[in-house]
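The chain contents come next:
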Amino acid sequence: MAAADDFRRGLVQLGKEMVTEGLADLMADTARQALRGVVGRSPVDTGRFRGNWQVVSDPAAAKPSATVDKEGSATIAAGDAAIAAAVAADPHGRICIANPLRYAGLIEYGSSKQAPLGVVEITAAEVELIRYMKEGG
């Protein structure tokens, strides 16, 4: 009887670990797609807007910086590291991608000729479509 109980507990634990691992992978993949989308779609003049995309657990924690990244590669690298750390710390946690610059909202709602349809809403739709297609939709 004890062996059967141990076996059952082992299966339950394995199931929990598999779900947690799958969730962590899904969260990380989705966050990386979103990060690449918003950084890549960001209009570039000086590169400050593109360089201010930040991966945080709470959007209020994002603070404007003087970071400039015209190509976006440094922003993506920093974001990927933050995503990996967040998922490792809490696979059930929240990952937010925020741009704390005052004019981010203006860009999102059409003030940029380089991104007249914004950045975030298009990326969110794209990420949703990618997830739908991966699920066999």
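Residues numbered from 1 in each chain as written. Predicted model: local features only at pLDDT ≥ 70, side-chain atom pairs only at ≥ 80, totals over all residues. Heavy atoms only, no water.

Trainee: Just to check I follow, could you spell out helix 5 (residues 120–134) for this structure?
Mentor: Working note: α-helix, 3.6 residues per turn, so residues spaced by three or four point in the same direction. If you check helix 5, its first and last C-alpha atoms are 21 Å apart, about what 15 residues at 1.5 Å a residue would give, namely 21 Å. Immediately beyond the C-terminal end of helix 5, within one or two residues, lies Gly136, with a positive phi of roughly 90°. (Helix = DSSP H or I, 4+ residues; strand = E, 2+ residues; numbered from the N terminus. Expected span 1.5 Å × (residues − 1).)

Trainee: Help me understand the layout of surface pockets in this model?
Mentor: Where empty space is left can be seen by rolling a probe of water-molecule size over the atoms. Looking at the largest pocket, its volume works out to about 180 Å³. Looking at the lining of the largest pocket, the elements that each hand over two or more residues are helix 1 (2–41), strand 2 (96–98) and helix 5. Of all the elements, helix 5 adds the most residues to the lining of the largest pocket, at six residues. Broken down by class, the residue content of the lining of the largest pocket amounts to eight nonpolar, three polar and two charged. (1 Å grid on protein atoms, 1.4 Å probe; cavity = no way out; pocket = protein on both sides within 12 Å on 5 of 7 lines; lining within 4 Å. Points joined across faces, edges and corners; volume = space filled by probe spheres on them. Nonpolar A, V, L, I, M, F, W, Y, C, P; charged D, E, K, R; others polar.)

Trainee: What is the right way to look at the nonpolar core in this model?
Mentor: A general trend in soluble globular proteins is that nonpolar side chains are found buried together. Val39, Phe49, Trp53, Ile83, Val87 and Val119 are the most contacted members of the largest nonpolar core, which has 18 residues in total. Breaking this core down by element, the ones donating at least two residues are helix 1, helix 3 (73–89) and helix 4 (104–108). Ranked by the residues each element gives to this core, the list is headed by helix 1, at seven residues. Apart from the residues within four sequence positions on either side, Ile83 is in contact with Ala28, Ala31, Arg32, Leu35, Val55 and Ile95. (Core = buried A, V, L, I, M, F, W, Y, C linked by side-chain atoms within 4.5 Å. Buried < 20%, exposed > 50% of the residue type's maximum accessible area, 1.4 Å probe, protein only. Contact = heavy atoms within 4.5 Å.)

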